[in-house]
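Report on the structure
Chain by chain, the residues run as shown.
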Amino acid sequence: MSKEPTKTWDGKPVSIDPPYGASVVVYRRAKTDYEFLILHRKHRGVDYDGEWAWTPPSGARLPGEDIDRCATRELKEETGLELNPRKTDFGDYKWYVYIAEVDTDCDIILDSEHDRYEWLSLNAALERCPPKKVHDSILAVGRDIGL
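Computed from a prediction, not measured in an experiment: that's the story for all the values here.

Before going further, it helps to spend a moment on the side chain of Arg61. Within the secondary structure, Arg61 sits in the loop between β4 (58–60) and α1 (67–79). With no salt bridge to any partner, buried Arg61 finds its closest opposite charge in Asp17, at an N-O distance of 5.5 Å. Only 2.8 Å separates the side chain of Arg61 from the side chain of Ser15, close enough to count as a polar contact. In terms of polar contacts, Arg61 uses its side chain to reach the backbone carbonyl oxygen of Glu65, at 2.8 Å. The residues touching Arg61, leaving out its near neighbours within four places in the chain, are Pro13, Val14, Ser15, Asp17, Pro18, Pro19, Tyr20, Gly21, Asp66, Ile67, Cys70 and Arg73.

As structure tokens, this is what we get:
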């Protein structure tokens, strides 16, 4: 029997079979550095800065949903970005990691799950996202793009 949650924070069903979801590490090439998009979850309040407060766009896979579709859907729902993220080998069989590059002038439109976002350097994003899985996925993407 799975120990994974059966519903998302807003009551939507979650796949009981892996992969359970996906993260999309979004980056852009700024004038002097690469920047990574991270989102702040608002369910613990605007001042909460602990575990899982900040993450790249990510979310649970719906029952029967293709994992690529999950990544694309979650990215659009959470940021308004309509992209085709590329699957990486940085996740595991339970949670896939994708990568997407955007232009510096792209518009971010947050969903009701998040209250703000930031574009940060690789090191700042790593500091802001302490869960090991999240940290490691951002670091792996940074290395993949040559940082």
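We are not done yet, so read on.
Moving on to the packing of aromatic side chains. For the structure on display, the rule yields two aromatic pairs. Here the aromatic rings of Tyr27 and Tyr34 are separated by 5.8 Å at their centres, their planes lie at 50°, and the arrangement is tilted. Here the two residues Tyr27 and Tyr34 agree in accessibility, since each one is buried. Each ring, one from Tyr27 and one from Phe36, has its centre 6.3 Å from the other, and the planes form 40°; the classification is tilted. Neither residue differs from the other here; Tyr27 and Phe36 are each classed as buried. An aromatic cluster of at least three residues, connected via ring pairs, comprises Tyr27, Tyr34 and Phe36. Its guanidinium or amino end placed over the ring of Trp54, Arg128 lies 4.9 Å from that ring's centre, counting from NZ or CZ.

Definitions and cut-offs
- Residues numbered from 1 in each chain as written.
- Predicted model: local features only at pLDDT ≥ 70, side-chain atom pairs only at ≥ 80, totals over all residues.
- Heavy atoms only, no water.
- Helix = DSSP H or I, 4+ residues; strand = E, 2+ residues; numbered from the N terminus.
- Buried < 20%, exposed > 50% of the residue type's maximum accessible area, 1.4 Å probe, protein only.
- Lys, Arg positive; Asp, Glu negative; His and termini not counted.
- Salt bridge = Lys/Arg side-chain N within 4 Å of Asp/Glu carboxyl O.
- Polar contact = N/O pair within 3.5 Å; in protein donor to acceptor, adjacent residues only side chain to side chain.
- Contact = heavy atoms within 4.5 Å.
- Phe/Tyr/Trp six-rings, centres within 6.5 Å; stacked < 30°, edge-to-face > 60°.
- Lys NZ or Arg CZ within 6 Å of the ring centre and 35° of its normal.

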